[in-house]
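Summary of the model geometry
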Amino acid sequence: MDSVQGLKLLDPIMKHGFKLVAVTPDLSFLFKNTPDESWFDDLKSGNKDPGEIPLAQNLSNLIRLAVSYKYGGVYLDTDFIVLKDFSGLRNSIGAQSSNAFGNWTRLNNAVLVFDKNHPLLYKFIEEFTLTFNGNRWGHNGSYLVSRVASKFATKWDINYRRNPCPDNIRVDDVLLKAHKDNYVKPCRQINFSHNYKVEWMIKDK
């Protein structure tokens, strides 16, 4: 999108008052002094197999983690429709499924709201380097954040408590779905000892 053609595509949106800018990231600068610096160097030198999954997809998984870790802020996939202010949400990650007891079964990296230098983000980045697999869809993305959170769950005590659920729900087809009760699902907050804290919200698939 950081091109003349990309600007043409974004122009109608910006004319409606939305503030957008497309930027091509400097990946060497972005990954510097993170666990993925050596991984990226190996990739560029041909010593790391990118696998069969499109490299852009796996780089997208890593870029969102690195930007969130170095600068903090909010990451949302572009297929989210925000219905309500969530500026009060901090150190949060999306969850796409839960079991009958209300405990998460899979997290998702489509929603990231974190403070700068948050240690859990560092663990996500570290896991990317240690377990990278370019041949399995989701292994370096949604499955990755679930793996790391599961490791924390076995290492530290976790306390679940119900939070008011924000009305910002992911919808992929009909917006009206977001207003039906069966699409408004409960939220949970996970409190880790050792100052690790993750709030997460259920989103509709």
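Residues numbered from 1 in each chain as written. Predicted model: local features only at pLDDT ≥ 70, side-chain atom pairs only at ≥ 80, totals over all residues. Heavy atoms only, no water.

1. Quick look at the confidence of the model for the chain
Averaged over the chain, the pLDDT score is 75; the fraction of residues at 70 or greater is 74%. Here residues 156-205 scores under 50 on pLDDT; set against residues more than four positions off or in separate chains, the count is 119 contacts. (pLDDT = per-residue confidence, 0-100. Contact = heavy atoms within 4.5 Å.)

2. Here's the deal with the pairing of strand β2 (residues 92-98)
Extensive coverage of β2 is indicated by the burial of 5 of its 7 residues. Two elements, β2 and strand β3 (residues 104-114), share 6 bridges in a ladder whose sense is antiparallel. Opposite Gly94, over in β3, you have Asn108 as the bridge partner. (Buried < 20%, exposed > 50% of the residue type's maximum accessible area, 1.4 Å probe, protein only. Helix = DSSP H or I, 4+ residues; strand = E, 2+ residues; numbered from the N terminus. Pairing = 2+ DSSP bridges.)

3. Here we look at the pattern of salt bridges
With the rule as written, the count across this model stands at 8 salt bridges. Close ionic contact of Lys32 with Glu37 constitutes a salt bridge, the shortest N to O distance being 4.0 Å. Take Lys32: its relative accessible area is 42%, and that puts it in the partly exposed class. Judged by relative accessible area, Glu37 falls into the partly exposed class, the value being 27%. With a shortest N-O distance of 2.4 Å, Asp115 and Arg90 are connected by a salt bridge. (Salt bridge = Lys/Arg side-chain N within 4 Å of Asp/Glu carboxyl O.)

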